[in-house]
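Descriptive analysis of the structure
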Amino acid sequence: MYDLFLTGLEKDIVKSPNPIYLGDWVGSSSSNTNNQKKPFIEINNHWNDKEKLFRDHEYLEEIHAKTLLELSKVLNNIHYCSYSTKFWQTIMDPWLLSYIAIIFDRWETINKTYELEYRFKVYAPFEKYEHEISRDCIDYIKIYNSDYWNHNLFIDIINNQSNQKLFKIKYLNNFPKMNPIHFKKNYFTIENFKNKLKIILDKLTLFSEKFLKPPKVYLDLSYVGKSFRRELNLGLNQNPFYKLFFLLDQEINSKKYIFKENISRIPFIKLGDSNFEKFLTKRISIDIPSFLVEEFSKNLKLANNFYQPQLIISDNRHINNLIFKFWLAICQENKTCIILSNHGGSITQSSLDYMGFEESISDTFITWTKPILNKHFQLPPFKYYKYKRNKKVNSKKI
């Protein structure tokens, strides 16, 4: 029987001459000391097999479509509303797309150990780590990257696998204590002072809505300067200084939800009969972020404070700002036209895109590359608007 280290937590408390690392993250994980020799085996990532990578991508697209539809029904029921699937996709997909892939990756990582045909001893704390619920995009990235959350998840997968007899779980009382996930404190700096001043000015803009005519086309462009936005607004005969204020996720003051046990907070959704799909159903009911359940009404109320334009153009905030996503979803329900744009990180290799999320929630999608869908409209990145395109091409330089 071989010692299998699931995360970096075991490195400081389990002395093993030849441990097997579940992945390269075990060795790279931070620890107080490193009393281990090099791992006897470090299991390779299952997606090193590129054929499997593309097969899994297609499978996860199918799972995502089912999950989105079923979650939309459940959330409508628990909140006594009847929003469209697109409404829920707009506020939920930036989390859901990543979450499904993360759970599947951890599931397949445990499956990868079967190829060694060994029996394993794995280690877990006597007192299970507390389960912290993500509140927003910033939270879930921090939580899902933590050793504590991943260790709990791997143990849960082992307990739900059909081949769990290959694993013996040994419980220890000297596991490292969990460090709670929290935002950094905002100490006084010149930059923070400028940000606070900016927030005050933005709030004054909201107050002045009674006197200023809101623009029919709202431009939310993060990658361009103020002068370009003013030029666009003036070209549209709109107030060039009008701007909406959207609270940053860490400024919403959402309640932090931490549970000692895995608690289902919504009814189970209906997916498929495979072991993974049953496990995913269970985990979603536990891990679903609070902005979709406990804090939903509060966020909806904040987003309803804003007016409804005829057209919204966004290049980034629809991914990473919670209140903006709620506002965008509300406007969609009221037939506002939505134009989204490529942004940093949105162009990926081959067909491994963002599962069509941005195309699904937009009426038109501005692409920097050759259009492949009817919704696509090609433009250069907005930050290059000042530069004139040189149409003369020297074929010898290509």
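This text goes with the structure placed above it.
Reference entry: report on the structure contained in this document. (Residues numbered from 1 in each chain as written. Predicted model: local features only at pLDDT ≥ 70, side-chain atom pairs only at ≥ 80, totals over all residues. Heavy atoms only, no water.)

Quick look at the overall build of the chain
Note the cut-off: In DSSP terms, a helix is any run of H or I states spanning at least four residues, a strand is any run of E spanning at least two, and both are numbered starting from the N terminus. Any residue under 20% of the maximum accessible area for its type is buried, any over 50% is exposed, and the rest in between are partly exposed; the area is computed with a 1.4 Å probe on protein chains only. Contacts are assigned to residue pairs with any non-hydrogen atoms lying within 4.5 Å of each other. Areas reported here follow the Shrake-Rupley algorithm with a probe of radius 1.4 Å; residue values treat only the protein chains shown as occluding.
If you tally the helices and strands in the chain, you get 12 helices and 12 strands. Looking at the chain as a whole, 48% of its 398 residues qualify as buried. Looking at the chain alone, contacts between residues at least 24 apart form 71% of all its contacts between residues at least 6 apart. Total accessible area on the chain is roughly 22100 Å²; 53% of this is exposed by carbon and sulfur atoms.

Things to note about the sheet that holds strand 12 (residues 376-378)
Heads up, the condition is: Two strands are said to pair when DSSP picks up at least two bridges between them. Axes here refer to lines fitted to C-alpha atoms; in helices the fit is confined to the stretch in contact. Angles between the N-to-C directions go from 0 to 180 degrees.
Strands sit in the order 7-9-10-11-12 across an open sheet of 5 strands; the sheet is parallel. Looking along the sheet, the strands with just one partner apiece sit at the ends: strand 7 (217-220) and strand 12. Ignoring strand direction, the axes of neighbouring strands in this sheet form an average angle of 20°. The sheet contact formed by strand 11 (residues 364-367) and strand 12 spans 3 bridges and is parallel. The partner of Phe365 across the bridge, within strand 12, is His376. Contacts from helix 11 (residues 322-333) reach strand 7, strand 9 (311-314) and strand 10 (337-341), with the element oriented near 145° to strand 9.

Considerations on the side chain of Ser134
In this structure, Ser134 sits in the loop between strand 5 (131-132) and helix 4 (137-144). Apart from the residues lying within four places of it in its own chain, the contact partners of Ser134 are Asp139, Tyr140, Ile143, Tyr144, Asp287, Pro289 and Ser290.

Some points on the pattern of salt bridges
Let me state the cut-off plainly: Salt bridge, as used here: a side-chain nitrogen of Lys or Arg that lies within 4 Å of a carboxyl oxygen of Asp or Glu.
Taken as a whole and assessed by the stated rule, the structure comprises 12 salt bridges. For Arg135, the salt bridge identified is with Asp139, shortest N-O distance 2.7 Å. Each member of the pair, Arg135 as well as Asp139, is classed as buried. Each of the salt bridges in this network shares a partner with another, and the network as a whole consists of Asp156, Lys282, Arg283 and Asp287.

Quick notes on the sheet that holds strand 4 (residues 120-125)
Within the open sheet, the 5 strands sit side by side as 3-2-1-4-6. Their pairing is parallel. The open sheet has two edge strands with one neighbour each: strand 3 (41-42) and strand 6 (167-172). Where strand 1 (residues 2-5) and strand 4 come together, 2 bridges link them in parallel fashion. Residue pairing for strand 4: Tyr2 is matched across the bridge by Phe120.

A closer look at the nonpolar core
What counts is decided by this rule: Side-chain atoms within 4.5 Å are what join buried Ala, Val, Leu, Ile, Met, Phe, Trp, Tyr and Cys residues into a set we call a nonpolar core.
Judged by nonpolar contacts, the single largest core of 81 residues is most densely connected at Met92, Trp95, Leu292 and Trp327. Apart from the residues lying within four places of it in its own chain, the contact partners of Trp327 are Tyr218, Leu244, Phe246, Ala303, Phe306, Tyr307, Pro309 and Ile312. Counting residues in hydrophobic clusters, the runner-up holds 11 residues, among them Phe5, Ile13, Tyr21 and Tyr123.

Some words on unusual backbone geometry
Both trends apply: most residues other than glycine have a negative phi, and most peptide bonds are in trans. The residue Tyr80 is not glycine, and still its phi comes out positive at about 55°. Exposure remark for Tyr80: the relative accessible area of 79% places this residue in the exposed category. One non-glycine residue, Asn237, adopts positive backbone phi at about 60°. Along the chain, Asn237 falls in the loop between helix 7 (226-235) and strand 8 (258-259).

Observations concerning the side chain of Ser314
Short version of the rule: Nitrogen and oxygen atoms within 3.5 Å of one another constitute a polar contact, given that in protein one can donate a hydrogen and the other can accept it, and given that sequence-neighbouring residues count only through two side-chain atoms.
As for its placement among the helices and strands, Ser314 is situated in strand 9. In this structure the side chain of Ser314 is engaged in a polar contact, spanning 2.9 Å, whose partner is the side chain of His318. The contact partners of Ser314, leaving out residues within four places of it in the chain, are Asp220, Phe324, Ile339, Leu340 and Ser341.

Topic: the environment of Asn145
With respect to the helices and strands, Asn145 occurs in the loop between helix 4 and helix 5 (147-160). For the pair formed by Asn145 and Ile102, sequence separation is 43 residues and the distance between their alpha carbons is 10.0 Å.

A word on the pairing of strand 10
Counting buried positions along strand 10 yields 4 of 5 residues, so the element is predominantly enclosed. In this sheet, strand 10 lies alongside strand 9 in parallel orientation, the contact comprising 4 bridges. Within the sheet, the bridge partner assigned to Ile313 lies in strand 10 and is Ile339. Sheet topology note: the strand 10/strand 11 ladder contains 3 bridges and is parallel. Opposite Ser341, over in strand 11, you have Ile366 as the bridge partner.

Structural notes on helix 8 (residues 275-287)
Spacing of three or four residues puts side chains on the same side of an α-helix, whose turn is 3.6 residues. As a reminder of what qualifies: Expected span, for any helix, means 1.5 Å times one less than how many residues it has.
Given a rise of 1.5 Å per residue, 13 residues ought to cover 18 Å, and the 18 Å separating the end C-alpha atoms of helix 8 matches this to within 8%. Extensive coverage of helix 8 is indicated by the burial of 10 of its 13 residues. Of all the positions in helix 8, only Phe276, Glu277, Phe279, Leu280, Thr281, Arg283, Ile284, Ser285, Ile286 and Asp287 are classed as buried. Packed against the buried residues of helix 8 are helix 2 (50-78), helix 3 (85-112), strand 5, helix 4 and helix 5.

Topic: the packing of helix 3 against helix 4
To keep it simple, the criterion reads: Every angle not falling under 35 degrees, over 145, or within 65 to 115 is termed oblique; those three ranges are roughly parallel, roughly antiparallel and roughly perpendicular.
As a packed pair, helix 3 and helix 4 sit with axes 11 Å apart at the nearest point and diverge in direction by 10°. The angle between helix 3 and helix 4 falls in the class roughly parallel. On helix 4, the residues that touch Pro94, Trp95, Ser98, Tyr99, Ile102 and Arg106 of helix 3 are Cys137, Tyr140 and Tyr144.

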